[in-house]
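Here are the chains, one letter per residue:
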Amino acid sequence: DTEVTQTPKHLVMGMTNKKSLKCEQHMGHRAMYWYKQKAKKPPELMFVYSYEKLSINESVPSRFSPECPNSSLLNLHLHALQPEDSALYLCASSWIYVPGQGAGEQYFGPGTRLTVT
Amino acid sequence: QKEVEQNSGPLSVPEGAIASLNCTYSDRGSQSFFWYRQYSGKSPELIMSIYSNGDKEDGRFTAQLNKASQYVSLLIRDSQPSDSATYLCAVKGGGGADGLTFGKGTHLIIQP
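This text gives an overview of the structure that appears in the document. (Residues numbered from 1 in each chain as written. Chains lettered and ligands numbered in written order. Predicted model: local features only at pLDDT ≥ 70, side-chain atom pairs only at ≥ 80, totals over all residues. Heavy atoms only, no water.)

On to the overall build of chain B. Each helix and strand counted, chain B has zero helices and 11 strands in total. The secondary structure elements of chain B, listed N-terminal to C-terminal, are β-β-β-β-β-β-β-β-β-β-β. Taken over C-alpha atoms, the radius of gyration comes to 13 Å for chain B, in line with the 13 Å a tight globule of 112 residues would show. Every one of the 112 residues in chain B was classed for burial, and the buried ones make up 47%. When contacts within chain B are restricted to residue pairs at least 6 apart in sequence, those whose partners lie at least 24 apart make up 55%. Accessible area for chain B stands at about 5,100 Å²; split by element, carbon and sulfur atoms hold 46% of it. Averaging the positions of the 10 positive and the 11 negative side-chain charges in chain B gives two centres separated by 5 Å. (Helix = DSSP H or I, 4+ residues; strand = E, 2+ residues; numbered from the N terminus. Rg over C-alpha atoms; globule rule 2.2 N^0.38 Å. Buried < 20%, exposed > 50% of the residue type's maximum accessible area, 1.4 Å probe, protein only. Contact = heavy atoms within 4.5 Å. Areas by Shrake-Rupley, 256 points an atom, 1.4 Å probe, with all protein chains shown as cover. Lys, Arg positive; Asp, Glu negative; His and termini not counted. Charge placed at Lys NZ, Arg CZ, Asp CG, Glu CD.)

Turning our attention to the interface of chain A and chain B. Facing the 26 residues of chain A at the interface are 23 residues of chain B. Of the roughly 1,700 Å² buried between chain A and chain B on both sides combined, carbon and sulfur atoms contribute 60%. Where chain A meets chain B, there are zero salt bridges. Joining chain A to chain B, the criterion identifies six residue pairs in polar contact (both at pLDDT 80 or more). Of all elements in the fold, only β4 (31-37), β5 (44-50), β9 (87-94) and β10 (107-108) of chain A reach the threshold of two or more residues within the side of chain A that touches chain B. Looking at which element gives the most residues to the side of chain A that touches chain B, the answer is β4 of chain A, with four residues. For the side of chain A that touches chain B, a count of residues per class yields 16 nonpolar, eight polar and two charged. (Buried area = accessible area lost by both parts, 1.4 Å probe. Salt bridge = Lys/Arg side-chain N within 4 Å of Asp/Glu carboxyl O. Polar contact = N/O pair within 3.5 Å; in protein donor to acceptor, adjacent residues only side chain to side chain. Nonpolar A, V, L, I, M, F, W, Y, C, P; charged D, E, K, R; others polar.)

This part takes up the sheet that holds strand β6 (residues 54-58) of chain B. As a general point, the strands of a sheet are linked pairwise by backbone hydrogen bonds and lie either parallel or antiparallel. Residue and element names in this part refer to chain B. Taken in spatial order, the five strands line up as β1-β3-β8-β7-β6 in an open sheet, and their pairing is antiparallel. Of all the strands in the sheet, just β1 (4-5) and β6 have a single pairing partner and so form its edges. Bridge analysis of strand β7 (residues 61-66) against strand β8 (residues 71-76) gives six bridges, and the strand direction is antiparallel. Counterpart to Phe61 in the pairing with β8 is Ile76. (Pairing = 2+ DSSP bridges.)

Put simply, Thr7 of chain A and Pro8 of chain A share a cis peptide bond, and its omega is -10°. Along the chain, Pro8 of chain A falls in the loop between β1 (4-7) and β2 (10-13). Geometrically, the link from Gly9 of chain B to Pro10 of chain B is a cis peptide bond, its omega value of 10° lying close to zero. Looking at the element boundaries, Pro10 of chain B is found in the loop between β1 and β2 (11-14). Even without being a glycine, Tyr51 of chain A presents a positive backbone phi close to 50°. Relative to the helices and strands, Tyr51 of chain A is located in the loop between β5 and β6 (53-57). In this structure, Ser59 of chain A takes a positive phi of about 55° despite not being glycine.

Here it is in structure tokens:
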């Protein structure tokens, strides 16, 4: 089973709101990722968690705050967003290392389509 | 800075023909290479991964890797209209948790 789930599917929020995006996987993966994808653009990496610790933050504004409560869950807390933050937010997960392969394959969830008004 | 280049297309291929998608990358230290398919409004779906030079076949899909030329390709045999999508080439460095660097994607259209 290579399923990553994300909630909600759609979210509309005002610039003063606080909301959270949730991601869950039950594949035993120990690396989880947040990506942002604007229309007609490729996904861009935001955060990487490895063994529940933040290992890479690609200089993302502080209005985005990630959290990894346990090895299966990943949250993205949103506060004071701007209209230009409207995008598809994708969660992915992978094994850290696979013998003979190196980096594990990343599997994406269906995404949360966020609109900031 | 890692760069991944793809021809954005659209690439139009008749049904039943072979679709050939190409990708080049700038970081010689890259170790892992992936092809994702993305339908409009949906999330990327992993269709192929390749880690060593040569060809890797999975059903109608063949991935090819040439690290010396820093080149990755994807062949789709017996193309079907359902193959019409954007194909994203993604590259990753060595083992460990690390993000993917994506190309801009090639928009493939299979003409019935």
